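# Remarks on the overall topology
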Amino acid sequence: MNLQILYEDEWIIGAVKPQGVPAQADKTGDADLLSMLEAHVGHSLGLLHRLDRPVGGVMLFAKDKETEATLAKDLQEKRLNKKYLTVLCGRLPAEQGTLENYLLKNARTNLSEVVSKDRKGGKKAILHYRRLAEKESDMGILTLAEITLETGRHHQIRVQTSHAGFPIWGDRKYHKTFPKKGKTEIALWSYRLEGTHPATKKTFLLTAKPEKEPFSLFVEELREL
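Residues numbered from 1 in each chain as written. Predicted model: local features only at pLDDT ≥ 70, side-chain atom pairs only at ≥ 80, totals over all residues. Heavy atoms only, no water.

Moving on: the overall build of the protein chain. Helix and strand counts for the protein chain come out as 4 helices and 11 strands. For 225 residues, the compact-globule formula gives about 17 Å, and the C-alpha radius of gyration of the protein chain, at 18 Å, lands near that figure. A principal-axis box enclosing the C-alpha atoms of the protein chain has dimensions of 50 × 45 × 35 Å. The 225 residues of the protein chain split such that 44% are buried. Within the protein chain, contacts between residues separated by at least 24 positions form 62% of all contacts whose residues are at least 6 apart in sequence. Carbon and sulfur atoms form 47% of the exposed surface of the protein chain, whose accessible area is close to 12,000 Å². Averaging the locations of the 36 positively and 30 negatively charged side chains of the protein chain gives two centres separated by 6 Å. (Helix = DSSP H or I, 4+ residues; strand = E, 2+ residues; numbered from the N terminus. Rg over C-alpha atoms; globule rule 2.2 N^0.38 Å. Buried < 20%, exposed > 50% of the residue type's maximum accessible area, 1.4 Å probe, protein only. Contact = heavy atoms within 4.5 Å. Areas by Shrake-Rupley, 256 points an atom, 1.4 Å probe, with all protein chains shown as cover. Lys, Arg positive; Asp, Glu negative; His and termini not counted. Charge placed at Lys NZ, Arg CZ, Asp CG, Glu CD.)

Written out as structure tokens, the structure reads:
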């Protein structure tokens, strides 16, 4: 795996996690982004946030404990702004809107589900969507959308969009009718991360756009972002 580093200085390093690559070491023993970046810089890094293995895109790491603590607080207090791109199967009900549910994670299956507000262990999940484009396909309407998370729950975008009736293209865990044949990557990508640099206090912006199918159907729209 070739490292795609977006930005690096003495405090932080931002890179693109390819789809299918773990964010950090797991039981599979497969090459992971964190380990490769630590080999690149020559010391341990602070893992500030995670992306599911099937999800690709921008990730940010801290080079020292003080920087890690500062950015972790920024993330907790929503001063680090992350945006995702996704291709949904179906048509969104509005140009922009909000999904709010309660989610419960099943540790045995590693899946989450929408539950009632009163369900023990359920956690509130809120996301905001913006419709960017629609295309006809052999699977019906496909919608390119931008997602902003207000909360960070397990498989949140995948569960909430599926529950609302427009599951993510390629997500066979939550899109039960998606064709089972052939290898596909889930159409979910972390494309933008903006925040305040912990040392310089200047605004930084890291971006990377997806290129693979089905994002390739929306080349013009992605170019305008």
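Time to look at the packing of aromatic side chains. Two measures describe an aromatic ring pair: the distance that separates the ring centres and the angle between the ring planes. Across all of its chains, the model carries 2 aromatic pairs by this definition. Here tyrosine 129 and phenylalanine 166 contribute two aromatic rings whose centre-to-centre distance is 6.3 Å and whose plane-to-plane angle is 70°, an arrangement assigned as edge-to-face. Residue tyrosine 129 is located in strand β8 (residues 123-137), and its partner phenylalanine 166 is located in the loop between α3 (156-164) and β10 (188-196); the two are separated by 37 residues in the primary sequence. The two residues tyrosine 129 and phenylalanine 166 agree in class, both being buried. For the ring pair tryptophan 169 and phenylalanine 178, a centre distance of 5.2 Å and an interplane angle of 75° mean the geometry is edge-to-face. Note on tryptophan 169: relative accessible area 6%, which makes it buried. (Phe/Tyr/Trp six-rings, centres within 6.5 Å; stacked < 30°, edge-to-face > 60°.)

Here we come to the pairing of strand β7 (residues 111-115). Note that strand β6 (residues 96-106) and β7 share 5 bridges and pair antiparallel. Bridge assignment links tyrosine 102 to a residue of β7, and that residue is valine 115. Between the antiparallel neighbours β6 and β7 lie 4 residues, among them asparagine 110 with a positive phi of about 60°. (Pairing = 2+ DSSP bridges.)

What follows deals with the nonpolar core. Formed by 52 residues in total, the largest nonpolar core has its most connected members in Leu60, Phe61, Val87 and Phe215. Listed by contribution, the elements that provide at least two residues to this core are β2 (12-17), α1 (33-41), β4 (56-62), β5 (81-89), β8, β9 (140-149), β10 and β11 (203-207). Discounting chain neighbours no more than four positions away, the residues touching phenylalanine 61 are Trp11, Ile12, Ile13, Leu33, Leu34, Leu37, Leu45, Gly46, Leu47 and Leu48. (Core = buried A, V, L, I, M, F, W, Y, C linked by side-chain atoms within 4.5 Å.)

Take the side chain of histidine 49 next. When you line up the elements, histidine 49 lands in the loop between β3 (46-47) and β4. There is a polar contact of 3.0 Å between the side chain of histidine 49 and the backbone nitrogen of leucine 60. Ignoring sequence-local partners within four residues, the contact set of histidine 49 consists of Val58, Met59, Leu60, Leu75, Lys82 and Leu193. (Polar contact = N/O pair within 3.5 Å; in protein donor to acceptor, adjacent residues only side chain to side chain.)

Before going further, it helps to spend a moment on the environment of valine 114. Within the secondary structure layout, valine 114 lies in strand β7. When its relative accessible area of 24% is taken as the criterion, valine 114 is described as partly exposed. For valine 114 and leucine 104, which are 10 residues apart along the polypeptide, the C-alpha to C-alpha distance reads 6.5 Å. For valine 114, the residues in contact, after removing those within four places along its chain, are Asn101, Tyr102, Leu103, Val159 and His163.

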